[in-house]
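Here's the letter readout for the chains.
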Amino acid sequence: MATVAIIGLGPVGLATGVALAAQGHRVFACDIDADRRAQIVRGRPPFYEKGIETALRKVLRLKRFSVVNTMEEAVGPSEIVFLCVGTPSKPNEGMDEGPLREAVKSLATAWRDSKRRTVVVKSTVVPGTTDNLVRPILETTNRTYRLAVNPEFLREGHALADALRPDRIVLGVDGAATARILKALYRSARCPVFVTDLRTAEAVKYATNAFLATKVAFANELANLCQAFGVSYDEVHRGMGLDPRINPRFLVPGVGFGGSCFPKDVQALVAAGRKHGVESRVLDAVLAQNEVQYLRSIALLEEELGDLRGKRIAVLGLAFKGETDDVRETRAVPIARTLLSKGAVVVGYDPLAGPSFSRLVPEVKVVRSAKEALAGAHGAILQAEWPAFSRLTAKDFLATMATPVVVDGRRILDPKKMRGVRFRRIG
Ligand code: UGA
């Protein structure tokens, strides 16, 4: 069993740390945010992740997972140090290296003994960052260390399950010994382990997210085209999916992608390419497509309702997707703002994200149930794929709404079961 430090307790750090502790490793976790540490130490994750609360409480009770207040306390006993801090990015500016640089500097200062440690970058970083930013800071310590990049492929909301049962592990390493140490750490995982160099592992993570974002943008564009041609996207998707070269998954069209990963990672990749003189025309188009895709849901509402002034519109699902409370880059924000600018009265509901959405768009009245949001509404947009929304029936809409106009922005309802509802989907 290994002793591991987790630096940064966002969804990735917490899920990784809890999963490693659940697998029997000893984990010392820290975060610079004292409130966050205080919540986690009491077994209360500061964000929603399915199953994490129970699993966290268990590993805290077993004393396999300790939340510590300082970098020294995390690093001192550990052989392996995971850097899991956020790497935000801004359009045209690329990845903000600040939080990672500060974390590595603090690690270097806290490294007091001569123990040889393996430092693992789990944060999503543009290719070259580990060599050009992390390594030079570690060099200043005159300590011996091993270096690795181990990108995460955790979906928000399912981060713990993905950490416990990964479908692949990518290890960028500085040598065979580092690969052996990390393979031993992950020995309970039953999946392919791909070992490569540091820079390639960094690139694999960006390539994966950029490709997935491209699939979603392609699905959205195809759905828009299908609508114009008067053919069903579902049928085209089915026919196209028979080609073994096309994987039909992750091609659900709707109001566009959001979240803390796809928009920021694609922007960071485009900006990093530009710094090297490479224009990413496809990825530029993916971002541009995604910026405007939400407008299709509003156009469908207008086709059914005409002028939206004074109309009451329910937005169901305020998080960037179902089963998370994360509102970063959620499409609910531009949808609500556009509806408000058109004079509509907007009412929102989300099982978890209501309070954080209210801080972003205070003009939207956030209510406590889907039924309350739909009551008296002239139209509704389904913006996030919460399981509870997929159980809504035609009766639910017909019984509550002033005019039963429903735009399914996530393809979660079966049109065949929507008799009596003026039901629209993109594509
Ligand atoms: C994504 C990746 O799926 C993870 O593998 C990765 O580890 C993570 O980013 C990250 O880099 O940390 P996540 O952002 O949690 O995970 O969300 P996804 O489930 O991938 O969905 C992203 C967005 O695309 C959501 O807004 C979702 O509604 C949308 N989407 C997804 C579609 O519109 N259509 C689809 O077919 C799939």
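### Quick notes on the environment of Lys311
Okay, so step 1: Here Lys311 shows up in the loop between α13 (295-305) and β11 (312-316).
Okay, so step 2: The sequence separation of Lys311 and Val104 amounts to 207 residues, and the corresponding C-alpha distance is 53 Å.
Okay, so step 3: At 3.2 Å, the side chain of Lys311 and the backbone oxygen of Leu305 are in polar contact.

### What to know about the domain arrangement of the protein chain
Okay, so step 1: According to the domain assignment, the protein chain contains domain 1 (3-196), domain 2 (205-292) and domain 3 (294-425).
Okay, so step 2: Relative to domain 2, the C-alpha centre of domain 1 lies at a distance of 29 Å.
Okay, so step 3: Taken together, the contacts link 18 residues of domain 1 with twelve residues of domain 2.
Okay, so step 4: Both sides together, the interface formed by domain 1 and domain 2 hides about 1,100 Å², and carbon and sulfur atoms give 57% of it.
Okay, so step 5: Among the residues domain 1 hides against domain 2, the three largest losses belong to Ser89, Thr124 and Val126. Together they make up 35% of the total.
Okay, so step 6: Viewed at the interface, domain 2 and domain 1 are joined by one salt bridge.
Okay, so step 7: A salt bridge links Glu152 to Lys205; its shortest N-O distance comes to 3.3 Å.
Okay, so step 8: Summed over the shared surface of domain 1 and domain 2, the number is three residue pairs in polar contact (both at pLDDT 80 or more).
Okay, so step 9: Every element with two or more residues in the side of domain 1 that touches domain 2 is listed here: β5 (89-90) and β6 (94-95).
Okay, so step 10: By residue class, the composition of the side of domain 1 that touches domain 2 is eight nonpolar, five polar and five charged.

### Some words on the site of the ligand
Okay, so step 1: In the vicinity of the ligand, 20 residues are found, and the nearest of them are Glu152, Glu156, Lys205, Asn209 and Val252.
Okay, so step 2: Contact between the ligand and Glu152: an oxygen atom at 2.7 Å from a side-chain N or O atom of the residue.
Okay, so step 3: In the environment of the ligand, an oxygen atom lies 3.0 Å from a nitrogen or oxygen atom belonging to the side chain of Lys321.
Okay, so step 4: Alone, the ligand offers 710 Å² of accessible surface; in the complex the protein occludes 92% of this.
Okay, so step 5: For the shell around the ligand, the secondary-structure elements that each account for two or more residues are α9 (198-229) and α11 (262-275).
Okay, so step 6: The dominant element in the shell around the ligand, judged by the number of residues it contributes, is α9, at three residues.

### Some points on the pairing of strand β15 (residues 405-408)
Okay, so step 1: Side chains of β15 alternate between two faces, with Val405 and Val407 and Val406 and Asp408 buried alike.
Okay, so step 2: One ladder, built from four bridges, connects strand β14 (residues 379-382) with β15; its direction is parallel. Bridge pairing in β15 places Ala380 opposite Val406.
Okay, so step 3: Looking at chain direction, β15 and strand β16 (residues 422-425) are connected through four bridges and run parallel. Considered in β16, the bridge of Val407 is made with Arg424.

### Some words on the nonpolar core
Okay, so step 1: Grouped together as the largest cluster of nonpolar side chains are 38 residues, with contacts concentrated most on Val4, Ile6, Leu14, Phe65, Phe82 and Leu185.
Okay, so step 2: For this core, the leading source of residues is helix α1 (residues 11-22), giving six residues.
Okay, so step 3: With residues up to four places along the chain from it excluded, the contact list for Ile6 reads Gly13, Thr16, Gly17, Leu20, Val27, Phe28, Ala29, Cys30, Phe82 and Cys84.
Okay, so step 4: Counting 37 residues, the second largest nonpolar core, distinct from the first, contains Val85, Val121, Val126 and Leu147.

### Some words on the pattern of salt bridges
Okay, so step 1: Tallied over the entire structure, the rule returns 28 salt bridges.
Okay, so step 2: When the shortest N-O distance is used, the salt bridge between Arg238 and Glu235 registers 3.1 Å. With Arg238 and Glu235 both in helix α10 (residues 233-241), this residue pair falls three residues apart, about one helical turn.
Okay, so step 3: The network of salt bridges with common partners includes Glu303, Glu304, Arg422 and Arg424.

### A word on α9
Okay, so step 1: With 32 residues, α9 extends 47 Å between its outermost C-alpha atoms, agreeing within 8% with the 46 Å of an ideal straight helix rising 1.5 Å per residue.
Okay, so step 2: Its side-chain oxygen placed 3.2 Å from the backbone nitrogen of Arg199, Asp197 serves as the N-cap of α9.
Okay, so step 3: Looking one or two residues past α9, Gly230 carries a phi angle of roughly 75 degrees, positive in sign.

### Things to note about the sheet that holds strand β13 (residues 365-366)
Okay, so step 1: Taken in spatial order, the six strands make up an open sheet running β13-β12-β11-β14-β15-β16, and their pairing is parallel. The open sheet is flanked by β13 and β16, the only strands paired with a single partner.
Okay, so step 2: Bridging between β11 and β14 involves four bridges; their strand directions are parallel. Within β14, the residue paired with Ile313 across the bridge is Gly379.
Okay, so step 3: Contacts from helix α14 (residues 332-341) reach β11, β12 (345-349) and β14, with the element oriented near 180 degrees to β11.

### Describing the packing of aromatic side chains
Okay, so step 1: Considering all chains together, one arrives at three aromatic pairs under this definition.
Okay, so step 2: Relative to Phe262, the ring of Phe250 lies with its centre 6.0 Å away and its plane at 65 degrees, an arrangement referred to as edge-to-face. Remark: Phe262 occurs in helix α11 and Phe250 occurs in the loop between α10 and α11; sequence separation between them is twelve residues.
Okay, so step 3: Residue classification places Phe262 among the buried residues on the basis of a relative accessible area of 13%.
Okay, so step 4: Ring geometry for Tyr349 against Phe389: centres 6.1 Å apart, planes inclined by 65 degrees, an arrangement best described as edge-to-face. Of this pair, Tyr349 sits in strand β12 while Phe389 sits in helix α17 (residues 387-390), and the two are 40 residues apart along the sequence.
Okay, so step 5: Here Phe389 falls in the buried class, since its relative accessible area comes to 1%.

Each value, and the rule that gives it
- Within every chain, residues take consecutive numbers counted from 1 along the sequence as written.
- Local features in a predicted model are, by the rule used here, given only for residues with pLDDT of at least 70; side-chain atom pairs are given and counted only at 80 or more, and totals for whole chains, interfaces and linings are based on all residues.
- With hydrogens and water stripped out, all remaining heavy atoms of the structure feed into the side-chain values.
- The secondary structure listing takes helices from DSSP runs of H or I that are at least 4 residues long and strands from runs of E that are at least 2 residues long, numbered from the N terminus.
- For this analysis, a polar contact is any N or O atom pair within 3.5 Å, provided that within protein one partner can donate a hydrogen and the other can accept it, and provided that sequence-adjacent residues contribute only side-chain to side-chain pairs.
- These domain limits were set by an automatic method or by a database of domain assignments.
- We call two residues contacting when some pair of their heavy atoms lies within 4.5 Å.
- Once two parts are put together, the accessible area they lose, assessed with a 1.4 Å probe and summed over both, is termed the buried area.
- By convention in these notes, a salt bridge is any Lys or Arg side-chain nitrogen within 4 Å of a carboxyl oxygen on Asp or Glu.
- Residues are grouped as follows: Ala, Val, Leu, Ile, Met, Phe, Trp, Tyr, Cys and Pro are nonpolar; Asp, Glu, Lys and Arg are charged; all remaining types, including Gly, are polar.
- Working definition: residue near molecule or strand if any one of its non-hydrogen atoms lies within 4 Å of it.
- All accessibility values rest on the Shrake-Rupley procedure with a 1.4 Å probe; residue burial counts only the protein chains present in the view.
- Burial classes: relative accessible area under 20% of the type maximum marks a residue as buried, over 50% as exposed, and values in between as partly exposed (1.4 Å probe, protein chains only).
- At least two bridges found by DSSP between two strands are what make those strands a pair.
- Nonpolar core, defined: a set of buried Ala, Val, Leu, Ile, Met, Phe, Trp, Tyr and Cys residues in which side-chain atoms within 4.5 Å join the residues together.
- One fewer than the residue count of a helix, multiplied by 1.5 Å, yields its expected span.
- For helices, the fitted axis covers only the stretch in contact; all axes are lines through C-alpha atoms, and the angles between them, taken along N-to-C directions, range from 0 to 180 degrees.
- Between the rings of Phe, Tyr and Trp (Trp by its six-membered ring), a pair exists once the centres lie within 6.5 Å; its type follows the angle of the planes, with under 30 degrees stacked, over 60 edge-to-face, and the other angles tilted.

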